[in-house]
Amino acid sequence: GFYFGEFTPDIFVKLNDWILLEAEFGIGADGSVSAGSFAQADFFINDWLTVSGGRFVAPIGTFNMRLNNPWINKLPGDAPGSGPLLWQQVLPPMSMLGVEAAGAFYLGNSPIKMEYNGYVSNGMNLSPATAGAPTIDELANLENMSNTFNISPNSKAVGGRLGLWWPEYGLAGGISGMHNTDYVTGFCDALNLWAVDLNYHHGNWDARLEYGRTDQQAGSFGFDNIRRQGFHGQVAYRANHLPNGFLQKLEFVYRYGYVDFRGIDPTTLALSTYATPVDVPVRRQQNEIGVNYWFAPRCVIKFAFQINDEPGFHLHDNQFLTEFAWGW
């Protein structure tokens, strides 16, 4: 079938040399208007420090911060169940509502840059249908707790990312972490995550590797603590050096993903509570092959075939996906 993701205008207003206002909102297929990924004020303190307040993209890994954009992402990512497994079931692709400090600077006279992000925000919080008694499906579905607009007593998140970048060779990597206090009001159950990323972009090649783990306490509700972990690796090649104009605009992409869970019994899950079968938190590996054609630097049509395998728990959820993205 056909799926319309959303129309998402981005608005940037530069008030002066040290204040920038930026916001995004989404218009859905049903005409509804929702908050976008960011709505923030940026204050440029100096060359290596920017302080932002409002709703900002969570600096977890690099996919969420820099690649989760239709005309940057190498594979279709807006249709339900089409994002990397790691970012659907282990790490939450979300935005935070709070204050962030970010910046970068060269390490002495070396060609290496250090980049950093640190933030405090409203925490991830879960409001179960039955107050104080979440079900295993409510606990297992990250989408249920990624709204940081809500203010929950005693629920705050603190985290950040520290990375190194070698611009001359297109190498970058970093480590991210977040501690989230009580994610259900009235219960002392915390949530902690950390992630490692490694990136290479130089010449005709683009490669990404990310690993993440989330530990979620659930003992207060009569369940085992939940541990989610997984990784994905992606490589893309575009032959910019070829003389043929058509071949120059073709790009070939391959991505492998794997996720694993402890504390979740997949046989007890109610599958109808998840947006797609790919969102169901079961041990799974995913292979995805794609071909892109770039009409312009920010205009691309993508074709991809996604193969999902759940050992001992087959959901028959392979997908053929195509996406047209145009940013201007």
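Scroll up to find the structure.
It should be emphasised that the depicted structure is a prediction, and the values quoted were computed from it without experimental measurement.

1. Describing the overall build of the chain
Okay, step 1: Assigned secondary structure in the chain consists of four helices and 16 strands.
Okay, step 2: Expected size for 328 residues packed as a compact globule is a radius of gyration near 20 Å; at 20 Å, the chain falls within 12% of this value.
Okay, step 3: Over its C-alpha atoms, taken along the principal directions, the chain stretches across nearly 65 × 50 × 45 Å.
Okay, step 4: Sorting the 328 residues of the chain into buried and exposed places 46% on the buried side.

2. Concerning the pattern of salt bridges
Okay, step 1: According to the stated counting rule, one finds 12 salt bridges in the structure shown.
Okay, step 2: Taking the shortest distance from any N to any O, the salt bridge between Arg66 and Glu115 comes out at 2.7 Å. Here Glu115 lies in strand β7 (residues 113-122) and Arg66 lies in helix α1 (residues 63-67), a separation of 49 residues in the sequence.
Okay, step 3: Relative accessible area serves as the criterion here: at 41%, Arg66 is assigned to the partly exposed category.
Okay, step 4: Judged by its relative accessible area of 9%, Glu115 is buried.
Okay, step 5: The residue Lys302 makes a salt bridge to Glu323 at a minimum N-O spacing of 2.9 Å. Within this pair, whereas Lys302 is found in strand β15 (residues 299-309), its partner Glu323 is found in strand β16 (residues 319-326), the two being separated by 21 residues in sequence.
Okay, step 6: Taking the relative accessible area as the measure of exposure, Glu323 reaches 10% and is therefore buried.

3. Details of the packing of aromatic side chains
Okay, step 1: On inspection of all chains with the given rule, the structure shows 15 aromatic pairs.
Okay, step 2: With centroids separated by 6.0 Å and ring planes inclined at 65 degrees, the aromatic side chains of Phe56 and Tyr119 adopt a geometry described as edge-to-face. Residue Phe56 is located in strand β5 (residues 49-57), and its partner Tyr119 is located in strand β7; the two are separated by 63 residues in the primary sequence.
Okay, step 3: The class of Tyr119 is buried, set by a relative accessible area of 4%.
Okay, step 4: Pairing Tyr293 with Phe295 gives two aromatic rings, centres 5.0 Å apart and planes at 75 degrees, and the pair type is edge-to-face.
Okay, step 5: Judged by its relative accessible area of 18%, Tyr293 is buried.
Okay, step 6: The partly exposed category is assigned to Phe295, whose relative accessible area is 45%.

4. A few points about unusual backbone geometry
Okay, step 1: The backbone of His316 sits at a positive phi, close to 50 degrees, despite the residue not being glycine.
Okay, step 2: Mapped onto the elements, His316 comes out in the loop between β15 and β16.
Okay, step 3: For His316, a relative accessible area of 76% gives the class exposed.

5. Re the pairing of strand β12 (residues 226-238)
Moving residue by residue along a regular strand, the side chains alternate between the two faces of the sheet.
Okay, step 1: Of the strand pairs in this sheet, strand β11 (residues 205-216) and β12 are connected by 12 bridges, and their pairing is antiparallel. Across the sheet, the residue bridging to Asp206 is Ala236, located in β12.
Okay, step 2: In terms of strand pairing, β12 meets strand β13 (residues 250-262) through 12 bridges, oriented antiparallel. Residue pairing in the sheet places Arg227 in a bridge with Arg262 of β13.

Criteria and cut-off values
Residues numbered from 1 in each chain as written. Predicted model: local features only at pLDDT ≥ 70, side-chain atom pairs only at ≥ 80, totals over all residues. Heavy atoms only, no water. Helix = DSSP H or I, 4+ residues; strand = E, 2+ residues; numbered from the N terminus. Rg over C-alpha atoms; globule rule 2.2 N^0.38 Å. Buried < 20%, exposed > 50% of the residue type's maximum accessible area, 1.4 Å probe, protein only. Salt bridge = Lys/Arg side-chain N within 4 Å of Asp/Glu carboxyl O. Phe/Tyr/Trp six-rings, centres within 6.5 Å; stacked < 30°, edge-to-face > 60°. Pairing = 2+ DSSP bridges.

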